[in-house]
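Breakdown of the fold
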Protein chains: 2
Amino acid sequence: MDIEKRLESLRRILKENGLDGYLVTGTDPHQSEYVAPRWRTRAFISGFTGSAGTVIVTADKAILWVDSRYFIQAEKEISGTEFVMMKLDTDDPDPYQWLEENMEKRARIGVDGASISISLFGMLSSRLRASDVTLEATGDLLDPIWEKRPDIPCTECCEMEAEYSGKSAKEKVEDVRAFLRARGLRWTFISSLDDIAWLTNLRADDIPCNPVFVSYAFISLSKAVLFIDKKRFSDKKLLQGIKTVFELRPYEDAEKDLKGLAKGAGYYSPEKTSEAFHKALSGKSNVTGRDITTDMKTRKNEAELKGMRLAHIYDAAAYVSFLARLDRNGKYDEIEVSALLENERKKIPGYLGPSFNPISGYREHGAMCHYSATKESSSEVNGHGLLVLDTGSQFEFGTTDITRTLLFGDEATEEEKRDYTLVLKGHLALSRQKFIKGTRGVQLDVLAKQFLWQYGESFYHGTGHGVGCRLNVHEGPLRISSALIDVPLEPGMVTSDEPGLYKEGRFGIRIENLLAVKEDMTTEFGTFYSFEVLTLVPYERRLIDLSLITEEERKQIDDYHKRIYSELHELVDKDVLKWLETATSPL
Amino acid sequence: MDIEKRLESLRRILKENGLDGYLVTGTDPHQSEYVAPRWRTRAFISGFTGSAGTVIVTADKAILWVDSRYFIQAEKEISGTEFVMMKLDTDDPDPYQWLEENMEKRARIGVDGASISISLFGMLSSRLRASDVTLEATGDLLDPIWEKRPDIPCTECCEMEAEYSGKSAKEKVEDVRAFLRARGLRWTFISSLDDIAWLTNLRADDIPCNPVFVSYAFISLSKAVLFIDKKRFSDKKLLQGIKTVFELRPYEDAEKDLKGLAKGAGYYSPEKTSEAFHKALSGKSNVTGRDITTDMKTRKNEAELKGMRLAHIYDAAAYVSFLARLDRNGKYDEIEVSALLENERKKIPGYLGPSFNPISGYREHGAMCHYSATKESSSEVNGHGLLVLDTGSQFEFGTTDITRTLLFGDEATEEEKRDYTLVLKGHLALSRQKFIKGTRGVQLDVLAKQFLWQYGESFYHGTGHGVGCRLNVHEGPLRISSALIDVPLEPGMVTSDEPGLYKEGRFGIRIENLLAVKEDMTTEFGTFYSFEVLTLVPYERRLIDLSLITEEERKQIDDYHKRIYSELHELVDKDVLKWLETATSPL
């Protein structure tokens, strides 16, 4: 079996290098959340295909750590191999504790310096040092044993139209320089792929659903360098244009060139830059923090918001067409349901593809909040049950992310209605809340949970994540969750509003809209912001328990549905219009 | 004038010591929030009598920094002196920025090492070092020039009865030792006065309203030492008892003795221990954090909760008697109103005195949220207006803190009713919320603000602070506020719930109850906590706008009032009973 051979080869290499173990983080040289096939190192060595997990291989052990959403999948995927699963956030030791407890004194553990961030490497090194274990940034030790390893991706670059970017790459570079100047700094180095895509107004297709391209950017007060493969530009005019702003150098040269470029005090993100660049960036007077572009990108400008609004109107037109045509007593499997939605989306002008792999979870599958149906697991959607459908689109001008919980078959049970209504009440409370300037996500999180908590119910994923504009569907630094993160919500930020509830082995519920933060009013008490709801798809009225909602909530739902009708009625076919009328009529 | 002479003397001492400036923090050697007259150094040198502020005196400058609640008072109190006021949290530089900008290179600034915490001293030193300015822990340079300086307080110690402490000092010492043992540590040193009072089950009267005694405690695995003046024990039996647990040594010997005692790895709080002890505690393997006793003290045991409940019932009986007898069309000044309440409290068995200086603010005075009426400022309470009355009691068995906003004269205006109702809705929402184990105050804060924010209104003090049991009315580490503090609410913690609204120059509103955290339920989703409302005084029904409250809120108020009647009706006089019936009847 492949995995055993790979382990054997890796152990030989470890031995040759005098290493006692090897750590695989599974990310790419840009610390991406999702990675191109080229960097699916975790799957290559362990066979586990989930999106998060840590691998440690020593002379006699091969261990995979995963979090609760992957316990079942990981167990299945590593069965028959030497790999053992450890469960994160349980009584099992975490990978670093495991190393502390199991490695001999003076042991040396290797890790690919390109696929671990400077901050994580530093934190681990100092932790392991206390146990006299050394963490070493080696090269990628899987490379020599990876036959037919996928190439570094090199998809075609295209331009984000000025109408929807709202600011030229040249202006953005100048904004970055203004930031540097104001702090007496001379340069910044950017590894984060969605930051570079935003900065350059370019998009590509290197990572499924994430329209980015592998590259690095370096900006100083006088220079702007983009480390990128020129083959991406078959459009010579686009190439000429980008050359007026950036000097283009080969992607592979970034590490080598950076030392010469990064002179004087500069700025970089230790969370997003890989350890491989640490030496080049280790100047004493350098300043670290979130990438400068991250804070610029998160506040969408008017043109970006225009594109986001348009994307949501178009997406909603496809969504309501799907809902209108979906037979709630028909026979499908989970994958077929999401394929029906995808078919409607494909008819829409400007549609590029999904913004992430759709989640379509029926009954007990809906209770696994990151469930992804495979051909083998895909349940038949037939008879009474709830379906959690979490999907999203990339358009030429924006990105969507929406979850609706759909009722199939007979009328809902009292419990299903109560739970749906409690989730909905939280979802509505967050979206209608005005809040004073300076408010962080952690302060608003309870609004989405308050009603569930009264019944002893809760959910364990974030309530809201930032969303990019024709970019990654998960975008920092904004979060609405219980984490103490000091990032205030500011106008132009786009966040999801997605409370849920998961009853193991029975059913799941999640309701998700995207919201844009906007200025609301300034009074003697300060400036207040509120949310503009971007998503425009009716809630599942058969699941609303009217006895649990207040007059204010009823009005909020009715107004929302009325707005949906008014925005969509001219965009949908006749057969859909009738459904839309009913679905958006007052409760 | 005194201040000028004192400044002249201080400057002579600075010169003799080669110092370029002197910093006065105004706290005591225990980093107390309120200090005994002995340590009112800020007032001695500047004439400013408020409870917070920083003074810097250089060869040619004398500056006082205060926050917004003291702008008016400070201006008045320093007028006619050389002192200049600087406003904190405005465009004025803060004291440390001022030093950075105004001191010559190699300047030396003195500060009394006994009245600055290790953490603040460390933070400031390293900040000033960047500007080549040295902060030096000197002795108390005001002492030589302070004629008739009040003595170190030495009030009589008495015992907190076992019935209400619930745990002996001996057991508490053993709990501290268990904490040390579990972490492989050998000793701890405690400076914080309310921590020592809690640990020893002793109370005294060194600081007005704070029943503490100046002392230090040292606990090792084999020793327990209390640095305290033995003269405090005229009760020889009490002295004998305390000696079975603690070795008593003179208060003045703590600094000298600590070096010999603190052997091996130990534990202390750099926030609560003064810089003067830094050397004795600077062992490399020492661990720092909140005082061990702080986390024990904040979770009240059943006996302490019993005492707190009793204190609140008694206090409420006095409060409703006051309300019943208060003529809302009568003629008083602000001080007289709080004196009437104090008179009722004095009739109650076990009453010891106020837990803080009462705040009684009529009309525009109510809009100053820390207003304290003086003989000169005390307004006539006469005619239409709102009075914010924030008061509290010390009983032998517990501590209270309550704010009610009272309507005088005619019927309330629409605006007053709306604002009162918005504050009340937030106050009610917080107190009825169940929340999952692990929830911190910052996550709940919005519940109290959500309704105000919808109208562009807010308040700028904390929503909740911890409260001691026959101890300080402000007790750490719990806080409900917008600050990102990682302290989860746990059963037995007591917090205030006190949203407010302050319309400058017009009126103020604040409604405050104390709440105790309790276990509520455990479900498949986790363990949930909720609040027990301790305070038992009716809200001001003439200020409630019924059109703004939901059925749930109306029921919550009615149930609360019903409970008040049932708890109090046998405790009050006949003339009060009638008032109570009306005040607690359903809305």
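Notes on the structure follow. Please read these numbers as outputs of a predicted model, since none were measured by experiment.

Quick word on the environment of Val66(A)
Residue and element names in this part refer to chain A.
- When you line up the elements, Val66 lands in strand β3 (residues 62–66).
- Once the C-alpha coordinates of Val66 and Arg440 are considered, the two residues, 374 residues apart in sequence, prove to be 29 Å apart.
- Setting aside residues up to four positions removed in sequence, Val66 forms contacts with Phe48, Ala52, Phe71, Ala74, Met85, Met86, Lys87 and Leu88.

As for the relation of the copies chain A and chain B
- You can overlay chain A on chain B at an RMSD of 0.0 Å; the transform is a turn of 180 degrees with a shift of 0.0 Å along its axis. The superposition of one copy onto the other is thereby described by a two-fold rotation axis. By C-alpha distance to the rotation axis, the residue of chain A lying nearest is Gln443(A), at 2.5 Å.
- Both copies present the same face, since 100% of the interface residues in chain A are matched by interface residues at the equivalent positions in chain B.

Description of the pattern of salt bridges
- All told, the structure shown has 98 salt bridges over all chains when counted by the stated rule.
- Residue Arg38(B) is joined to Asp143(B) by a salt bridge in which the shortest nitrogen-to-oxygen separation is 3.9 Å. Within this pair, whereas Arg38(B) is found in the loop between β1 (21–24) and α2 (41–46), its partner Asp143(B) is found in the loop between β6 (134–138) and β7 (158–159), the two being separated by 105 residues in sequence.
- Looking at Arg38(B), the relative accessible area reads 18%, which means it is buried.
- Among the ionic pairs, Glu415(B) bridges to Lys503(B), the shortest N-O distance being 2.7 Å. Of this pair, Glu415(B) sits in helix α14 (residues 414–432) while Lys503(B) sits in strand β27 (residues 500–503), and the two are 88 residues apart along the sequence.
- By relative accessible area, which is 26% here, Glu415(B) ends up partly exposed.
- Look at Lys503(B) and you get buried, because its relative accessible area is 4%.
- Residues joined in a network through salt bridges with shared partners are Lys223(A), Glu247(A), Arg249(A), Asp253(A), Lys256(A) and Asp257(A).

Quick notes on a negative patch on the surface
- A grouping of Glu156(A), Glu159(A), Glu161(A), Asp235(A) and Glu396(A) is seen on the molecular surface, where their side chains present a negatively charged patch.
- Relative to the elements of secondary structure, Glu159(A) occurs in strand β7 (residues 158–159).

Focus: the interface of chain A and chain B
- The partner chain B presents 35 residues to the 34 residues of chain A that form the contact.
- Buried surface at the junction of chain A and chain B, summed over both partners, amounts to about 2,900 Å²; 58% is from carbon and sulfur atoms.
- Contact with chain B buries area across many residues of chain A, yet Trp453(A), Leu484(A) and Phe525(A) alone supply 25% of it, more than any other trio.
- Our enumeration of links across chain A and chain B arrives at 14 residue pairs in polar contact (both at pLDDT 80 or more).
- When residues of the side of chain A that touches chain B are assigned to their parent elements, the largest contribution, eight residues, is made by helix α15 (residues 441–454) of chain A.

Digging into the sheet that holds strand β20 (residues 393–395) of chain B
Residues and elements named next belong to chain B.
- In spatial order, the strands read β16-β20-β21; together these three strands make up an open sheet with antiparallel pairing. Two strands bound the open sheet, and with one partner strand each, they are β16 (351–354) and β21 (398–399).
- Bridge analysis of β20 against β21 gives two bridges, and the strand direction is antiparallel. Residue pairing in the sheet places Gln394 in a bridge with Thr399 of β21.

Thoughts on the packing of aromatic side chains
- Taken as a whole, this structure holds 36 aromatic pairs over all chains when the rule is applied.
- Arranged with centres 6.1 Å apart and planes meeting at 90 degrees, the rings of Tyr362(B) and Phe408(B) form a pair that is edge-to-face. Residue Tyr362(B) is found in strand β17 (residues 359–362), and its partner Phe408(B) is found in strand β22 (residues 402–408); the two are separated by 46 residues along the sequence.
- Its relative accessible area of 2% is what places Tyr362(B) among the buried residues.
- Members of the aromatic cluster, joined through ring pairs, are Tyr164(A), Tyr314(A), Tyr351(A), Phe395(A) and Phe397(A).
- Sitting above the plane of the Phe408(A) ring, Arg328(A) keeps its charged end 5.7 Å from the centroid.
- Against the face of Phe459(A) rests Lys449(A), its NZ or CZ located 5.2 Å from the ring centre.

Considering the sheet that holds strand β17 (residues 359–362) of chain A
All names here are of chain A.
- Pairing in this open sheet of three strands is antiparallel, and the strands run β17-β19-β22 from one edge to the other. What marks the edges here is a single partner per strand, and that holds for β17 and β22 (402–408). The mean inter-strand angle of the sheet, taken between neighbouring strand axes irrespective of direction, is 15 degrees.
- The sheet contact formed by β17 and strand β19 (residues 385–391) spans four bridges and is antiparallel. Looking at β19, one finds that Tyr362 is bridged to Leu387.

As for unusual backbone geometry
- Across the junction of Gly476(A) and Pro477(A), the peptide omega takes the value 0 degrees, indicating a cis bond.
- The backbone of Asp132(B) shows a phi angle near 65 degrees, a positive value even though the residue is not glycine.
- With respect to the secondary-structure elements, Asp132(B) resides in the loop between α5 (118–129) and β6.
- Positive phi values are uncommon outside glycine, yet Asn201(B) reaches one of about 55 degrees.
- Tracing the chain through its elements places Asn201(B) in the loop between α8 (193–200) and β9 (202–203).
- Take Asn201(B): its relative accessible area is 5%, and that puts it in the buried class.

What counts and how
Residues numbered from 1 in each chain as written. Chains lettered and ligands numbered in written order. Predicted model: local features only at pLDDT ≥ 70, side-chain atom pairs only at ≥ 80, totals over all residues. Heavy atoms only, no water. Helix = DSSP H or I, 4+ residues; strand = E, 2+ residues; numbered from the N terminus. Contact = heavy atoms within 4.5 Å. Least-squares fit on C-alpha atoms with pLDDT ≥ 70 in both. Salt bridge = Lys/Arg side-chain N within 4 Å of Asp/Glu carboxyl O. Buried < 20%, exposed > 50% of the residue type's maximum accessible area, 1.4 Å probe, protein only. Patch = residues over 30% accessible without salt bridge, like charges linked within 9 Å, V, L, I, M, F, W, Y side chains within 5 Å. Areas by Shrake-Rupley, 256 points an atom, 1.4 Å probe, with all protein chains shown as cover. Lys, Arg positive; Asp, Glu negative; His and termini not counted. Charge placed at Lys NZ, Arg CZ, Asp CG, Glu CD. Buried area = accessible area lost by both parts, 1.4 Å probe. Polar contact = N/O pair within 3.5 Å; in protein donor to acceptor, adjacent residues only side chain to side chain. Pairing = 2+ DSSP bridges. Phe/Tyr/Trp six-rings, centres within 6.5 Å; stacked < 30°, edge-to-face > 60°. Lys NZ or Arg CZ within 6 Å of the ring centre and 35° of its normal. Axes fitted to C-alpha atoms, helices over the stretch in contact; angles between N-to-C directions.

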